[in-house]
Amino acid sequence: MTTLLVDTPHGPARASLHCAHEPRAALLLGHGAGGGVEAPDLVAACHAANSVGVHVALIEQPYRVAGRRAPAPAGQLDTAWLSVVDDLGERWFDGLPLVFGGRSSGARVACRTSIEGQAVAVLCLAFPVHPPGKPEKSRMAELDGVEVATLVVQGENDPFGQPARAHHREVVLLKGDHSLKASVADVGRSVGEWLDRVLRPLD
């Protein structure tokens, strides 16, 4: 693993690189609002991606690197993310297709930036469709705005809601809640199978 700091307009972000042999693509994964890149589902996704020939960068947003617990506004998160994408795409992942992803808040960032960042696919772990108990405050527009192949891995009892399938969006429901801790092995299996399949036409 290689860890490096990446300058962004909102302070340094941190990237932990987990490299695969003979890489086909690179997967950039962001963390949830209150958690870090050590979340079990992110770790499972990282191992699964490496196993099918995909480099992984686990990205910590500047607010986390600075030691703050409260997340930055969406615009700052997106700007910092795209800065990291540009930097890693040039320095480490040159010529490789990029897959964006993350858990919860990180999944929202991946969706919102997928077009501008030219992602070839998007992976959403525990996408927060709405705040708990507030289905009227839907974030589905962010998910619906993605134009490339998308996988959403969601807990059956997630209080943040359940996304619907769409023509380019697959939804895998697993036992458990928003943390996905109850089905970590299934998270990895689902991610690995999906990445292998969606990247095959690009090999």
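Placed above this text is the structure.
Basis of the calculations
- Residues numbered from 1 in each chain as written.
- Predicted model: local features only at pLDDT ≥ 70, side-chain atom pairs only at ≥ 80, totals over all residues.
- Heavy atoms only, no water.
- Helix = DSSP H or I, 4+ residues; strand = E, 2+ residues; numbered from the N terminus.
- Buried < 20%, exposed > 50% of the residue type's maximum accessible area, 1.4 Å probe, protein only.
- Contact = heavy atoms within 4.5 Å.
- Salt bridge = Lys/Arg side-chain N within 4 Å of Asp/Glu carboxyl O.
- Pairing = 2+ DSSP bridges.
- Axes fitted to C-alpha atoms, helices over the stretch in contact; angles between N-to-C directions.

For His 130, the position within the fold is in the loop between β6 (121-125) and α5 (140-144). Owing to a relative accessible area of 13%, His 130 belongs among the buried residues under this scheme. Among all residues touching His 130, those that are not within four sequence positions of it are Pro 135, Lys 137, Ser 138, Arg 139, Pro 159, Phe 160 and Gly 161.

Let us look at the pattern of salt bridges. Going through the model one piece at a time under the given rule, you end up with 12 salt bridges. Note that Arg 112 and Glu 142 form a salt bridge whose closest N and O atoms lie 3.2 Å from each other. Note that Arg 112 is positioned in helix α4 (residues 105-113) and Glu 142 in helix α5, a separation of 30 residues in sequence. For Arg 112, a relative accessible area of 27% corresponds to the partly exposed category.

Before going further, it helps to examine the sheet that holds strand β4 (residues 54-60). Strands belonging to one sheet form pairs held by backbone hydrogen bonds; the direction of such a pair is parallel or antiparallel. Read from one edge to the other, the open sheet built from 8 strands follows the order β1-β2-β4-β3-β5-β6-β7-β8, with strand pairing classed as mixed. The sheet terminates laterally at β1 (2-6) and β8 (169-174), the two strands that pair on one side only. Direction aside, neighbouring strands of the sheet carry axes that sit 20° apart on average. Here β1 runs beside strand β2 (residues 13-18); their pairing, made up of 5 bridges, is antiparallel. The partner of Val 6 across the bridge, within β2, is Ala 13. Seen against the sheet, helix α3 (residues 74-91) touches β1, β2, β3 (25-30), β4 and β5 (98-103) and runs at an angle of roughly 125° to β1.

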